[in-house]
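Each chain, letter by letter, is given below.
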Amino acid sequence: MSQRTEATQRPPARGRGAGYLGGIWDVVVLELKQRLRSRGWYIMLGIWFILTGLVTWLTWAAWNAQREAQRSYSTFTAPETGPGSMIFEVVLAFVLLFALLVAPALSANAVNGDRAGGTLAILQVTLLRPGQILWGKFFAAWAAALAFLVASTPFLIIGVALGGMTPGHVVVALLMLAVEVGVVSAIGVGISALAGRPLFSIVVTYLAVAGLVFGSLIAFGLGTGLSQRTIMANQAQYRSYSPYEPLEEQPAPMEPEYTCSGPLREQPAVHTDRVAWMLAMNPYVVVADAIPYPVRTSNAFGMSSPVGAIESISQGARYAMAGPDGTYPCANGEAKPRYLAQSTPLWPLGLGLQLLLAGLLMWLGWRSLRTPARRLARGTRIA
Amino acid sequence: MGLPARPGGPGADGITATAVSRSFGQVHAVEHMDFRAPAGKVTALIGPNGAGKTTLLLMLASLLAPDSGTITVEGLDPRRHRAEVRRRIGWMPDTLGVWESLTAREILTQIARFYQLPKAGMAQRVAEMLDRVRLSDLADQPARVLSRGQQQRLSLARALIHDPSVLLLDEPASGLDPGSRVELRVMLRQLAAEGKAIVVSSHVLSELDEIADAAVFVNRGRTIRHQTTDEAAAAGRRYAISATDGAALAAKLTELGLTFRVEDGRRAAVSLMLMNDDDAARLLRDLVLAGVPVRSFAPASGALEETYMNLEGERR
């Protein structure tokens, strides 16, 4: 009896907030202990490491082979940029792809797996609050998924070490990958609290990820078709330039290469800015857009296209976001900055929408974990 | 028990459910059920499968909210005094639910942390509980290597780790070997003697005669009868009698004017209701004196089982 009276009369040693965090930590410890003892997790981690290494090596080999081929077929030598950018981009894209594939598997059975195993009610009957259980499960799933990112860090660093990139790129890329994995983990945990069966919630989470990756592109594509409007613009007068001028002496693309004149007329244009938010939700767009790249206006070679995939994705998305008002030649009688100068980032919008989705699912999940429970999902037993 | 002034006044000890109802969609799992388990007593919850026992226990454990009706734990409302009620309740579910890769000691330590027990005495408390359910030797084995009965005992230790004053046990004896059953019985009597209110749902009715002070019979989501074990015993008991000469036995019983039933067990036997032990002694003497070759003469069932079977009969 002494134990109980001690427990009831004990004044809260920690503050309310610290006690809440302490409960979350206890759940995280419980979850991670189980994960660290399952052999499957290590096997997956090993496979992941080998695969990422393989992709890195193949990219490097492919780049080398391509350069050899170029040397033997033409005397023209491409500017030596090194394989850094390409390796970095391929590895980054690959790591993001696999992180998006692994995170649902690690998170989407967190709650209903316990429910099926009969261990959820055991947590619920203790002093733990539903939020502590849910946050604990989320942080544990996130940490488990982050281990995969850590395993792929060496290869991202190799990408940088081979030239062309700064350590800042790796830091930002890893940070954004971590955030994206967190978003997917939160979606998975939220769905697992809502769905009755682990299999169902895992499939739904994969579909949600597919929705973010492919659905956002499809929705954007279909959405642009529905946003045909008109815009007031006048005539663009392009400067003529001599095709015989040497490449180096072409006008720098800093200034608009046209002038606007004449009366404003209604011209058909696609208001991509109205549907760009769908594109912004794409994890690839968020990661690519967040990674910094230099403004190319002062490019010595006068290249008018972005360098590498990351920049292309980012510029494409920013172009869509700017819409015709910002990109259509001579919209409202103003000359617009060139393609590459779109500098308003859209990853905060995309990430914000992703966090909104994840937060909504977590909130719904929290509601379903409250006890005494009023409503139960169809076919679920609480114990 | 050294508690600060308990809200709810007298009679507020133990756990009480008043007119609780709970339905799942179209299924009325529990309808206006009344239940009371006083402190210091073992109360059995008896009913056929699907009678609403587990649903009632879930509501008593404050996991499930009743659609209507009230539940009080030592006078406290689970909805308003969530943490206080949780500290007072120990719940052992009918599903085992162990974290298989954790050891027994780790599981109990985790649960102790979830109950926010003081960190200082935690390891000792865990060791004490492991000792109490005889799992000290297996304390550092992963739970997956434990047998069903051992996991059941671990589950009991988990329900007891925070020293609750109300103990809710859903089928605690299932999967236990006979020795462990006896131990469970002894332990539950000890816990009741310490002043805890203990609720046991079980199908093994003959065991409950020995453990329970009272029984609540439920069926189809309703409380059918509340009966103490003594009352049950007083209501009469069925005896089974067999004799090497079945015809002689039947003739003598008919002569005595007793109604009996021919049982179709492995050995030919008859059974009949007797009000008390004196009646039984008298009948046995009469049969032996009459030269009936009695082979066995014993209660056919436990007292609570008798009530249960009668209720089953009424149901049909």
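Because the structure is a prediction, the values reported are computed rather than measured.

Cut-offs applied
Residues numbered from 1 in each chain as written. Chains lettered and ligands numbered in written order. Predicted model: local features only at pLDDT ≥ 70, side-chain atom pairs only at ≥ 80, totals over all residues. Helix = DSSP H or I, 4+ residues; strand = E, 2+ residues; numbered from the N terminus. Buried ≥ 20, exposed ≤ 12 C-beta atoms within 10 Å, placed from the backbone. Contact = placed C-beta atoms within 7 Å. Nonpolar A, V, L, I, M, F, W, Y, C, P; charged D, E, K, R; others polar. Pairing = 2+ DSSP bridges. Axes fitted to C-alpha atoms, helices over the stretch in contact; angles between N-to-C directions. pLDDT = per-residue confidence, 0-100. Core = buried A, V, L, I, M, F, W, Y, C linked by C-beta atoms within 7 Å. Parallel < 35°, antiparallel > 145°, perpendicular 65-115°, else oblique. Left-handed = near helix turned anticlockwise from the far one by under 90°. Domains from an automatic or database assignment. Arc of directions from axis to C-beta.

**Q** Before we move on, could you go through the overall build of chain A and cite the residues and values that matter?
**A** Across its full length, chain A holds 13 helices and two strands. Counting every position in chain A, which comprises 383 residues, the buried fraction comes to 38%. In chain A, of all internal contacts separated by at least 6 residues, the share reaching a separation of at least 24 is 85%.

**Q** A description of the interface of chain A and chain B should follow, citing residues and the corresponding values.
**A** Accessible area lost on assembly of the parts is the figure often given for the size of an interface. Across the boundary between the two partners, chain A contributes 32 residues, which contact 38 residues of chain B. Put simply, the parts of the chain that give the side of chain A that touches chain B at least two residues each are helix H1 (2-9), helix H2 (16-36) and helix H6 (120-124) of chain A. The leading source of residues in the side of chain A that touches chain B is H1 of chain A, at six residues. Class assignment of the residues belonging to the side of chain A that touches chain B gives a composition of 14 nonpolar, eleven polar and seven charged.

**Q** Go over the sheet that holds strand S1 (residues 15-24) of chain B with me, naming the residues and quoting the values.
**A** Residues and elements named next belong to chain B. Pairing is antiparallel across the open sheet formed by three strands, whose spatial order is S2-S1-S4. With partners counted over all chains shown, the strands left at the sheet margins are strand S2 (27-37) and strand S4 (68-73), one partner each. Direction aside, neighbouring strands of the sheet carry axes that sit 20° apart on average. As paired elements, S1 and S4 share five bridges and run antiparallel to each other.

**Q** Outline the confidence of the model for chain B, supporting the account with residue identities and numerical values.
**A** Residue and element names in this part refer to chain B. Considering every residue of chain B, the mean pLDDT works out to 85; 92% of them sit at 70 or more. Below a pLDDT of 50 lies the segment residues 1-10, which in the model reaches 13 contacts outside its immediate sequence neighbourhood of four places, other chains included. In the predicted complex, the global pTM is 0.84; the interface-specific ipTM is 0.81.

**Q** An account of unusual backbone geometry is requested, with residue identities and associated values reported.
**A** With omega at -10°, the peptide bond leading from threonine 371 of chain A into proline 372 of chain A counts as cis. By secondary structure assignment, the location of proline 372 of chain A is in the segment after helix H13 (347-369). Its identity is not glycine, yet glutamate 74 of chain B carries a phi of approximately 50°, on the positive side. With respect to the element layout, glutamate 74 of chain B can be found in the loop between S4 and helix H2 (82-88). Positive phi values are uncommon outside glycine, yet glutamine 116 of chain B reaches one of about 55°. With respect to the element layout, glutamine 116 of chain B can be found in the loop between helix H3 (104-114) and helix H4 (122-132).

**Q** Could you give an account of the environment of serine 343 of chain A, with specific residues and numbers?
**A** Residue and element names in this part refer to chain A. As for its position among the elements, serine 343 is in the loop between helix H12 (308-327) and H13. When the 10 C-beta atoms within 10 Å are taken as the criterion, serine 343 is described as exposed. Serine 343 sits 22 residues away from glycine 365 along the chain, and the two C-alpha atoms are 38 Å apart.

**Q** If you had to explain the environment of leucine 274 of chain B to someone new, which residues and values would you point to?
**A** Summarising the element assignment, leucine 274 of chain B is placed in strand S12 (residues 268-274). Leucine 274 of chain B sits in the partly exposed class, given 18 other C-beta atoms within 10 Å.

**Q** Explain the sheet that holds strand S5 (residues 89-92) of chain B to me, using residue names and the numbers behind them.
**A** Residue and element names in this part refer to chain B. Read across the open sheet, the six strands follow the order S5-S6-S7-S3-S8-S9; overall the sheet is mixed. The outermost strands of the open sheet, each flanked by one partner alone, are S5 and strand S9 (222-228). Across the sheet, the axes of successive neighbouring strands diverge by a mean angle of 15°, strand direction being ignored. Direction of pairing for strand S6 (residues 166-170) relative to strand S7 (residues 197-201): parallel, over a ladder of five bridges. Bridge pairing in S7 links leucine 168 to valine 199.

**Q** Summarise the nonpolar core; cite the residues concerned and give the values.
**A** Judged by nonpolar contacts, the single largest core of 162 residues is most densely connected at Ala99 of chain A together with Leu168 and Val200 of chain B. Here the element with the most residues in this core is helix H7 (residues 130-161) of chain A; it accounts for 15 residues. Sequence-distant contacts of leucine 168 of chain B, that is, excluding residues within four places in its chain, are made with Leu57, Leu60, Ala61, Ile89, Gly90, Trp91, Met92 and Val199 of chain B. In terms of nonpolar packing, the next biggest core, distinct from the first, is built from eight residues, Tyr239, Ile241, Leu249 and Leu283 of chain B among them.

**Q** Please give an account of the pairing of S9 of chain B that cites residues and values.
**A** With six bridges connecting them, strand S8 (residues 214-219) of chain B and S9 of chain B associate as antiparallel partners. Counted as the bridge partner of alanine 215 of chain B is glutamine 227 of chain B from S9 of chain B.

**Q** Report on the packing of H7 of chain A against helix H8 (residues 167-194) of chain A, specifying residues and quantitative values.
**A** Residue and element names in this part refer to chain A. Where H7 meets H8, the closest approach of the two axes is 8 Å, and the angle between their N-to-C directions is 150°. Compared by their axis directions, H7 and H8 come out roughly antiparallel. Once H7 is placed against H8, the crossing between them reads as right-handed. For the contact of H7 with H8, the class distribution of residues is 20 nonpolar, five polar and one charged.

**Q** Give me the lowdown on the environment of leucine 304 of chain B, citing residues and values where you can.
**A** As for its position among the elements, leucine 304 of chain B is in helix H11 (residues 303-315). For leucine 304 of chain B, the contacting residues outside a window of four places in its chain are Ala44, Ile46, Leu205, Leu208, Asp209, Ala215, Thr229 and Ala232 of chain B.

**Q** Could you give an account of the domain arrangement of chain B, naming the residues involved and the relevant values?
**A** All names here are of chain B. Looking at chain B, the domain boundaries give domain 1 (15-232) and domain 2 (236-315). Look at where the C-alpha atoms of domain 1 and domain 2 centre, and you get two points 36 Å apart. Contacts between the two partners involve 14 residues from domain 1, matched on the other side by nine residues from domain 2. For the side of domain 1 that touches domain 2, the elements supplying multiple residues, two or more each, are strand S3 (42-46), helix H7 (205-211), S8, S9 and helix H8 (229-234).

**Q** Describe the pairing of strand S2 (residues 258-270) of chain A, and please don't skip the residues or the numbers.
**A** All names here are of chain A. With respect to burial, S2 is a largely exposed element, only zero of its 13 residues being buried. One ladder, built from ten bridges, connects strand S1 (residues 228-238) with S2; its direction is antiparallel. Paired with glutamine 235 across the two strands is serine 261, which belongs to S2.

**Q** How would you summarise the confidence of the model for chain A if you had to cite specific residues and measurements?
**A** All names here are of chain A. Averaged over every residue, the pLDDT of chain A is 81; the share at 70 or more is 80%. Across chain A, element-level confidence peaks in H13 with a mean pLDDT of 95 and bottoms out in H1 with 41. When the criterion is pLDDT under 50, residues 1-14 qualifies, and its contacts beyond four places in sequence or with other chains add up to 21 contacts. In this model residues 248-254 is a low-confidence stretch, pLDDT under 50, and it forms twelve contacts with partners more than four residues away in sequence or in other chains.

**Q** Explain the domain arrangement of chain A to me, and be specific about the residues and the numbers.
**A** Residues and elements named next belong to chain A. As assigned here, chain A comprises domain 1 (18-211 + 350-369) and domain 2 (224-240 + 253-295 + 305-341). For domain 1 versus domain 2, the separation of C-alpha centres amounts to 32 Å. With 15 residues of domain 1 at the interface, the matching set in domain 2 holds 16 residues. When residues of the side of domain 1 that touches domain 2 are traced back to their parent elements, those giving at least two are helix H4 (84-107), H8 and H13. A total of seven residues in the side of domain 1 that touches domain 2 trace back to one element, the largest contributor, which is H8. When its residues are assigned to classes, the side of domain 1 that touches domain 2 shows eight nonpolar, five polar and two charged.

**Q** Before we move on, could you go through H4 of chain B and cite the residues and values that matter?
**A** All names here are of chain B. Looking only at H4, the buried set comprises Val126, Met129 and Leu130. Buried residues along H4 cover an arc of 100° about the axis, so they all sit on one side. Summarising the geometry of H4, the exposed residues directed more than 90 degrees from the buried face are Gln124 and Asp131. With its phi angle positive at about 55°, arginine 134 sits one or two positions after the end of H4.

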